[in-house]
Each structure stands twice: as C-alpha cells, then as structure tokens.
Amino acid sequence: MNFKVPKGTQDILPGQSEKWQYVERVIRDLCDKYRYNEIRTPMFEATELFQRGVGDTTDIVQKEMYTFTDKGDRSLTLRPEGTASAVRAYVEHKMFGQVDQPVKLYYTGPMFRYERQQAGRYRQFVQFGVEAIGSADPAIDAEVMALAMDVYTTLGLKDLKLVINSLGDKDTRDAHRSALIAHFTPVIGELCSDCQSRLEKNPLRILDCKVDAKHPAMATAPSLTNYLTDSSAEYFTKVKQYLDVLGISYEVDPNLVRGLDYYNHTAFEIMITGEGFGSITTLCGGGRYNGLVEDIGGPESPGIGFALSIERLLLALEAKNIELPTENDLEMYVVAMGEEAKLKAVELVSSFRAKGISADMDYLDRKMKAQMKAADRAKAKFVIVLGETEIEEQVVNVKTMATGDQTKVEFGQLVQYVLENK
Ligand code: ATP
Ligand code: MG
C-alpha cells in the first residue's frame, strides 16, 4: 500500500503550520479591530443552497462542486465558498432582527472545489472571508475593502493592486444584458459551447470566459459602465470617495465582472503585482450582493463581502520573500541522567508547564550530548542538567543558552527564576 494525499489537497506539517497559525492570528486580531465576529457553519449544506446562492450558471455550480447523496437520500455538497452558508445562517437565525446592524461576520475554514490542480489552485483550500449584511452604505463597501487590504499589508505584502468596478443595479444589468445579447448573437457560433449556453442564461459571464478571452468580439463588447443608472453611478462615486479618504489607491477596471451570479454594485479583486506565482495573480475577490438574502428566503437585506485563500496569501508572501516570525521557541529543556533524575525531570517539566512556561525533555534515554543537541534544535532559552549530585543537593545550574551564563537555583525556586528571567 502506498497512500498519498488526494489530488489537489495538501498536508500542512509542523514547520509550515506555524505560518498558518500566525496568519490566522493576524486575521482574528484584524477582525476584532474592525468588529467582525466569527461565524462557524457546517462544511456541507443542501446542494440547492449553492445552486441558488452561488448561481446555476457559474463554473462553481456547473463544474466544481463535490456533491453526494447521503444515506438518507439527501443531496448534499461540500461547501465551495462561504457566502451562501453565512447568508443561510443569517436568515435561519433571523439575524436581521438583531439590534446591531449591519451584522458583521467573518469565517475561516476549508472550501472544496473540483478544479484542475496548479500552483495556487487546490481542491481543498482555506478561505478567510467576511460578510457585512444589512447596510447599503457605500462606506461599508470601503471598510470591507480596507479590511481585505489590511490583511496583506499587516503581513508585510506591498506589491498589491486593488481593482474595482461597479456592476450597477438591476436596471443597469437588464439594459447591459440586452446589449450583450445583441452584440454576441451574430458571432455566437465562433465562441465555445459554454459561452453559447451563457448567451441566454447570463451573457455577462461570457466576458469572464477563459477560453474565448482573445476573440475580437470580447474587446468591443458593450461595457457595463455605459449602462450605469444615475443612482448606481452616484453609489460608485461615493465608494471611491471613501476609499480616497482611507488613503487606499485603486484602479477601476470596467471589465471586472467576477465569477458569482449574485454581485451588483461594487465588485473588487486584490491582485499581486510584479513577479507572482504560476499564472495566478488574484489573491482576493469580493463584492456587493443586494438581493441574495431575499433569494435565500430572508427579508430585503443588502450585503457585501470578500473571500481570500490562505494558500494564495502564503504563496504571495513566499514569492516576495517575506518571512513570517515563528514564535514557538522552547523556554526550558530539562536534561536528565539516570533513573532518579528522570523522575524529577518529569515532575519539573510538569510544574514549568503548569506556570505557563513551555518545557520539554528527552524520551529516548539518550546520552547527555544528544539531549543537549535536542535542546539546541528546539532553540531552548534555558537548560538544566539533572544528575545524581543535583538530585542530592536539590540545586541545579540554570544555563541561559544565548549567553552561556549559569546560575545556581534551588529546585523550589526554579519556576520563579524562569518566570523572572524569561
Ligand atoms: P479564480 O478566478 O482564480 O478561479 P474565483 O473567482 O473562483 O477565482 P472566488 O470564488 O472569488 O475565486 O474565491 C475568492 C478567493 O478564494 C480567490 O481570490 C482565491 O484567493 C481563493 N481561491 C478560489 N479558488 C481557489 C482554489 N481552488 N485554491 C486556492 N484558492 C482559491
Ligand atoms: Mg474559480
């Protein structure tokens, strides 16, 4: 037998997992500052939730879902994204009735999509996302974008570009839709079969097609921007004003349409500039989804959110040679020589840990030299060596590894000494 991780998934081993923990801590701290609260939803949901909430014409629903029938004959799907679940929970728990509005949520956790594996594209990946539901204030669009940018800049990433666009409101989309159908109908035979079925269902998605990106009709397609209603244009202007006030620079890209069906008004992506990784440049995507809550059975509640994957975030940091600090160096290593010393070592290690001092010892009955090497590899701050004499006298030399300094300390005072000097 020769088992391997399933295609498109990865093991995150010690050495790497510290980076994940660091990033997750930064994310939680930022969410605290911006007052977004964590929501945890199940990793699978009724398939229909995603068909409705993500949209039947999207790549996610058409090609990428892990759908299965359970023993009770229900069709369930491993969540491919987080918004549909957050909105489902928002409706189910009547969060629209809470006093504090908008409801500001965040989540982190694995998402599943059956995709072709490549650098930055996995079948199981961890998304961090936020949803602000219950406000149609352009200031919150800016806040959500600021939070997304803050994640990257706090971690030291600089080569970023925020790209924004407005998809307008329903009238905008209807007018644009008719124009797109008129534009693409004469050449539809030259486009891929996906685009042919998109023409009637959701022609906007033709603009997002990766197969036909270079077809001449793409470049001349009617731009959504020309169909913005007055109120949509005004909304977009305000979003930009708030970004200006926040000192966040951005680029407007009229061709940014995003993959999900439910977006309107603000759509945005954060890209890595310069040398990235593989063919991927998008780190984060988000947008406004007024109407989604109603589609999922709730009252009218406008929302906006984004999602980014930790995998792409870490790849971006690596591409830019940014090292994350790891903070798990050991505080105390107890070397023990002989049976009796080992009994004492077990007792001492436990008493260090009880006082919040990280402590470890040897469990392979190794020679003193090998134990010292283990302490070195663990980057122990202090080391004590217990032998017959120490046990007899109940006193031990505490060695500070960085300086080589040694201090005699009574067993009874050890914890106190480390606490005062660590
Ligand atoms: P793409 O165009 O790269 O397929 P998408 O539009 O499918 O992206 P979203 O559904 O908007 O992506 O997801 C938001 C973010 O989640 C992306 O910007 C990216 O950081 C991350 N992401 C999406 N799919 C994957 C994946 N298969 N592996 C790792 N990260 C992913
Ligand atoms: Mg995708």
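Here the residue index of a chain counts from 1 through its sequence in written order. Going through the entries in the order they are written, you letter the chains from A and number the ligands from 1. At least 70 in pLDDT is required for a residue's local features to be given in this predicted model, at least 80 for side-chain atom pairs to be given and counted, and no such filter applies to totals for whole chains, interfaces and linings, which use all residues. Heavy atoms from the whole structure form the basis of all side-chain values; hydrogens and water molecules are not counted.

> So what exactly am I meant to see when it comes to the packing of aromatic side chains here?
Two aromatic rings, taken as a pair, are described by how far apart their centres are and by the angle between their planes. Aromatic pairs are defined between Phe, Tyr and Trp rings, using the six-membered ring for Trp, whenever the two ring centres lie within 6.5 Å; interplanar angles under 30 degrees are classed as stacked, those over 60 as edge-to-face, and all others as tilted. Tallying each qualifying case throughout the model produces seven aromatic pairs. Ring geometry for F268 and F306: centres 6.5 Å apart, planes at 70°, overall edge-to-face. Note that F268 is positioned in strand β9 (residues 264-272) and F306 in strand β11 (residues 303-309), a separation of 38 residues in sequence. Here F268 matches F306 in class, with each residue buried. With centroids separated by 6.2 Å and ring planes inclined at 65°, the aromatic side chains of F382 and Y417 adopt a geometry described as edge-to-face. Of this pair, F382 sits in strand β14 (residues 382-386) while Y417 sits in helix α15 (residues 414-421), placing them 35 residues apart in sequence. No difference in accessibility class separates F382 from Y417, as the two residues are buried. Secondary structure counts use DSSP, requiring at least four H or I residues in a row for a helix and at least two E residues in a row for a strand, with both numbered from the N terminus. Exposure classes here rest on a 1.4 Å probe applied to the protein chains alone. A residue is buried below 20% of its type maximum, exposed above 50%, and partly exposed in between.

> Please clarify how the site of ligand 1 should be interpreted in this entry.
Nearness is judged by heavy atoms alone; a residue qualifies as near a molecule or strand once a single heavy atom is within 4 Å of it. Lining the immediate environment of ligand 1, one finds 16 residues, of which R113, E115, R121, R258 and L283 sit closest. Polar contacts, as counted here, are pairs of nitrogen or oxygen atoms within 3.5 Å of one another; within protein the pair requires one atom able to donate a hydrogen and one able to accept it, and residues that are adjacent in sequence qualify only if both atoms are side-chain atoms. Here a nitrogen atom of ligand 1 and a backbone polar atom of Y122 are 2.8 Å apart. In this structure, L283 approaches ligand 1 through a main-chain N or O atom, which is 2.7 Å from an oxygen atom. Areas reported here follow the Shrake-Rupley algorithm with a probe of radius 1.4 Å; residue values treat only the protein chains shown as occluding. For ligand 1, the accessible surface in isolation is 590 Å², of which the surrounding protein chains cover 88%. The dominant element in the shell around ligand 1, judged by the number of residues it contributes, is strand β10 (residues 282-288), at four residues. Ten residues, namely Ala, Val, Leu, Ile, Met, Phe, Trp, Tyr, Cys and Pro, are considered nonpolar, four, namely Asp, Glu, Lys and Arg, are considered charged, and the remaining ones, Gly among them, are considered polar. For the shell around ligand 1, the class distribution of residues is five nonpolar, five polar and six charged.

> What's the story with the side chain of N165 in this structure? I'm lost.
Along the polypeptide, N165 turns up in strand β7 (residues 160-166). Take N165: its relative accessible area is 2%, and that puts it in the buried class. A distance of 3.5 Å separates a polar atom in the side chain of N165 from the backbone oxygen of D253. A distance of 2.9 Å separates a polar atom in the side chain of N165 from the backbone oxygen of L256.

Nothing here speaks to function; it is geometry throughout.
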